[in-house]
Amino acid sequence: MAQNMGGTFHLRIDDLDQSRARAKWEDQLKDDLRWLGLDWSKPCRRQSDVQAEYDAALNRLWDMGLLYLCHCSRRDIRGAMSAPQEGVPIHGPDGLIYPGTCRKTPSGPRPHDVTLRLDMARACAALSGDICFQETGVSTQEYRISPQEMTEGVGDIVVARKDMGASYHLAVVVDDDAQQITHVVRGADLFDATKIHVLLQGLLGLPTPIYHHHDLIRDNAGKRLAKRDDARAIATYRDDGASPDELRAMIGL
């Protein structure tokens, strides 16, 4: 897609979570992509190298009064949601929808090495309008998401974790701007998270790319390809004689 548009393909290493980062997995990832016929600009942007950029974005959101400190564990959140209201969603694109236990207006300088959440209602009010993005993958249309959908269906997302300098959602938004990304191509499992990314782009004054979410590769049991679940790896298809064209056909590219 990048070549057809006269653009540049970028590979990014999402390694903020060092507990799940392994050099051998990165090597395998690159080997798989080369077999598929892909090449990318070098060096790759590595998230663990650009924490200062994430800190600048977090400071901006904090100064806008949109973040707050959260002490809740996943167990605490599950306990607070033991009796959800009828018709109200429990899960959103960031996991369990946070019940707002720790929500309060911040004061003073931004604390570090803590979990920070975005006050979704305040964030939507700061944008004063719907969230919009153009999709060319799962369908070709403009999506519009209302503030009510964001507060009820997404909730107060995590933007920084105690054990990580930034969440995935915040990091990819900063990364896309830093690399001047015009088109984001990624799996359909991230489609629902796009509304979060577009919201953060609006708050930070960043442009919104065009999004293309492709189908997922699944094994014979319908399980999606993911190393953490021991699903089939690309190398397994390769060893079984599959061609790069067959893999591309599986995801609709």
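Rules behind the numbers
- Residue positions are counted from 1 within each chain, in the order its sequence is given.
- Local features in this predicted model are restricted to residues of pLDDT 70 or higher, and side-chain atom pairs are both shown and tallied only at a pLDDT of 80 or more, whereas totals for entire chains, interfaces and linings draw on every residue.
- Processing note: side-chain calculations cover all non-hydrogen atoms of the structure and skip hydrogens and water entirely.
- Relative accessibility thresholds used throughout: buried, under 20% of the residue-type maximum; exposed, over 50%; partly exposed, between the two (1.4 Å probe, protein chains only).
- Helix and strand labels come from DSSP, where a helix needs a run of H or I of at least four residues and a strand needs a run of E of at least two; each type is numbered from the N terminus.
- For two strands to be treated as a pair, DSSP must find at least two bridges joining them.
- Here the axes come from fitting lines to C-alpha atoms, over the contacting stretch only for helices, and the angles between their N-to-C directions go from 0 to 180 degrees.
- Should any heavy atoms of two residues lie within 4.5 Å, those residues are considered in contact.
- Roughly parallel here means an angle under 35 degrees, roughly antiparallel means over 145, roughly perpendicular means 65 to 115, and every remaining angle is called oblique.
- If you view the pair so one helix is near and one far, a crossing is left-handed when the near helix is turned anticlockwise from the far one by less than a right angle, and right-handed when it is turned clockwise.
- Aromatic pairs are defined between Phe, Tyr and Trp rings, using the six-membered ring for Trp, whenever the two ring centres lie within 6.5 Å; interplanar angles under 30 degrees are classed as stacked, those over 60 as edge-to-face, and all others as tilted.
- Both a distance and an angle decide whether a charge sits over a ring: NZ of Lys or CZ of Arg must be within 6 Å of the ring centre and within 35 degrees of the ring normal.
- Amino acids outside the nonpolar list (Ala, Val, Leu, Ile, Met, Phe, Trp, Tyr, Cys, Pro) and the charged list (Asp, Glu, Lys, Arg) are all regarded as polar, and Gly is one of them.
- Any carboxyl oxygen of Asp or Glu within 4 Å of a side-chain nitrogen of Lys or Arg constitutes a salt bridge here.

Peer 1: Just to check I follow, could you spell out the pairing of strand 7 (residues 131–135) for this structure?
Peer 2: Side-chain positions along a regular strand alternate between the two faces of the sheet. Every second residue of strand 7 is oriented toward a common face, the buried set being I131, F133 and E135 and the non-buried set C132 and Q134. One ladder, built from 5 bridges, connects strand 7 with strand 8 (residues 141–145); its direction is antiparallel. Among the inter-strand pairings, Q134 is bridged to a residue of strand 8, identified as E142. In this structure, the hairpin formed by strand 7 and strand 8 is closed by a connection of 5 residues.

Peer 1: Teacher, can you tell me more about the sheet that holds strand 3 (residues 67–70) here?
Peer 2: Strands belonging to one sheet form pairs held by backbone hydrogen bonds; the direction of such a pair is parallel or antiparallel. In space, the 3 strands of this open sheet follow the order 3-6-9, with antiparallel pairing throughout. At either margin of the open sheet sits one strand with a lone partner, and together these are strand 3 and strand 9 (158–160). Neighbouring strand axes in the sheet, compared pairwise and without regard to direction, differ in orientation by 45 degrees on average. Alignment of strand 3 against strand 6 (residues 115–118), held across 4 bridges, turns out to be antiparallel. Note that in strand 6 the partner of C70 across the bridge is T115. Where helix 2 (residues 51–63) meets the sheet, it contacts strand 3, strand 6 and strand 9, and its direction lies at approximately 105 degrees from that of strand 3.

Peer 1: I tried to follow the environment of A188 on my own but got confused; where do I start?
Peer 2: Looking at the secondary structure, you find A188 in the loop between strand 10 (183–187) and helix 7 (194–204). Dropping the residues within four chain positions of it, A188 is found in contact with V138, H213, H214 and L216.

Peer 1: I tried to follow the packing of helix 2 against helix 6 (residues 168–178) on my own but got confused; where do I start?
Peer 2: The relative placement of two packed helices comes down to the angle between their axes together with the axis-to-axis distance. It is at 10 Å that the axes of helix 2 and helix 6 come closest, and there the two elements cross at 115 degrees. One element, helix 2, and the other, helix 6, form an angle in the roughly perpendicular class. In terms of crossing hand, the pair formed by helix 2 and helix 6 is right-handed. In this structure, helix 2 contributes E53, Y54, A57, L58 and L61 to the contact, and helix 6 contributes L170, A171, V174, D175 and A178.

Peer 1: Explanation requested: the packing of aromatic side chains in the structure shown.
Peer 2: To describe a pair of aromatic rings, one takes the distance between the centres and the angle between the planes. Under the counting rule described, the total for this entry stands at 5 aromatic pairs. Ring geometry for F133 versus F191: centroids 6.0 Å apart, planes at 65 degrees, classification edge-to-face. Separated by 58 residues along the polypeptide, F133 in strand 7 and F191 in the loop between strand 10 and helix 7 bring together distant segments of the chain. Judged by relative accessible area, F133 falls into the buried class, the value being 4%. Taken together, the ring pairs connect F133, Y143, F191 and Y211 into an aromatic cluster. If you follow R117 out to its NZ or CZ, it ends over the ring of Y98, 3.9 Å from the centre.

Peer 1: Would you mind showing me how to read the packing of helix 6 against helix 7 here?
Peer 2: Look at helix 6 against helix 7: their axes get within 9 Å of each other, and the N-to-C directions meet at 60 degrees. The angle between helix 6 and helix 7 places the two elements in the oblique class. Where helix 6 crosses over helix 7, the two elements pack in a sense that is right-handed. When helix 6 is examined against helix 7, the residues Y168, H169, L170, V172 and V173 are found in contact with a partner set consisting of I196, H197, L200, Q201 and L204. Residues belonging to the contact of helix 6 with helix 7 are distributed by class as follows: 7 nonpolar, 3 polar and no charged.

Peer 1: Help me understand the pattern of salt bridges, please; the structure alone is not making it clear to me.
Peer 2: Oppositely charged side chains can pair when the atoms bearing their charge come close. Across all of its chains, the model carries 15 salt bridges by this definition. Here D39 and K42 are joined by a salt bridge, their closest N and O atoms 2.9 Å apart. Here K42 falls in the exposed class, since its relative accessible area comes to 56%. Close ionic contact of R45 with E53 constitutes a salt bridge, the shortest N to O distance being 2.8 Å. On the basis of relative accessibility, which here comes to 33%, the residue E53 falls in the partly exposed class. Several salt bridges converge on common partners, so that one network encompasses R12, R45, E53, D175 and D176.

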